[in-house]
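The residues making up each chain are set out below.
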Amino acid sequence: PLKALHKQLQESGGLVPHSDPDLLRFAKDVSFGSPSAASSFVGGYSDSGPRTWKVATSGQSYGEWRKAKLGA
């Protein structure tokens with residue numbers, strides 16, 4: 001499924017070449033069904049999004065951030 005989505009996004013212009021020829025970049029917003037789906041797509045392997053994604057300002061994981069927000 002990740003390879004098919006990757007191909008679809010390239011064909012639709014959602015993923016375009018980056019200045020580094022080994023990379024692609026998102027050219028438009030892409031929605032994923034979960035943080036893990038997004039993390040797996042970007043990383044190219046099965047991954048836990050809540051552990052991997054970080055809040056830029058604090059370095060806190062998305063899972064920790066979400067847990068704190070739900071507890072508040």
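Residues numbered from 1 in each chain as written. Predicted model: local features only at pLDDT ≥ 70, side-chain atom pairs only at ≥ 80, totals over all residues. Heavy atoms only, no water.

Trainee: Even after reading the chapter, I still don't get the overall build of the chain, so can you show me in this structure?
Mentor: When you go through the chain residue by residue, the secondary structure sums to 4 helices and 2 strands. Beginning at the N terminus, the succession of helices and strands in the chain can be written as α-β-β-α-α-α. Overall, the chain is about 40 × 25 × 20 Å in size when its C-alpha atoms are taken along their principal axes. The buried share of the chain, taken over its 72 residues, is 17%. (Helix = DSSP H or I, 4+ residues; strand = E, 2+ residues; numbered from the N terminus. Buried < 20%, exposed > 50% of the residue type's maximum accessible area, 1.4 Å probe, protein only.)

Trainee: Sorry if this is basic, but what is going on with the environment of Pro21 here?
Mentor: If you trace the backbone, Pro21 turns up in the loop between β1 (15–17) and β2 (24–26). When the C-alpha atoms of Pro21 and Ser39 are compared, they prove to be 21 Å apart, with 18 residues separating the residues in sequence.

Trainee: What is the right way to look at the side chain of Ser39 in this model?
Mentor: One can find Ser39 in helix α2 (residues 35–43). A distance of 2.3 Å separates polar atoms of two side chains, one belonging to Ser39 and the other to Asp47. Apart from residues no more than four positions distant in its own chain, Ser39 is found in contact with Gly44, Asp47, Gly49, Thr52 and Trp53. (Polar contact = N/O pair within 3.5 Å; in protein donor to acceptor, adjacent residues only side chain to side chain. Contact = heavy atoms within 4.5 Å.)

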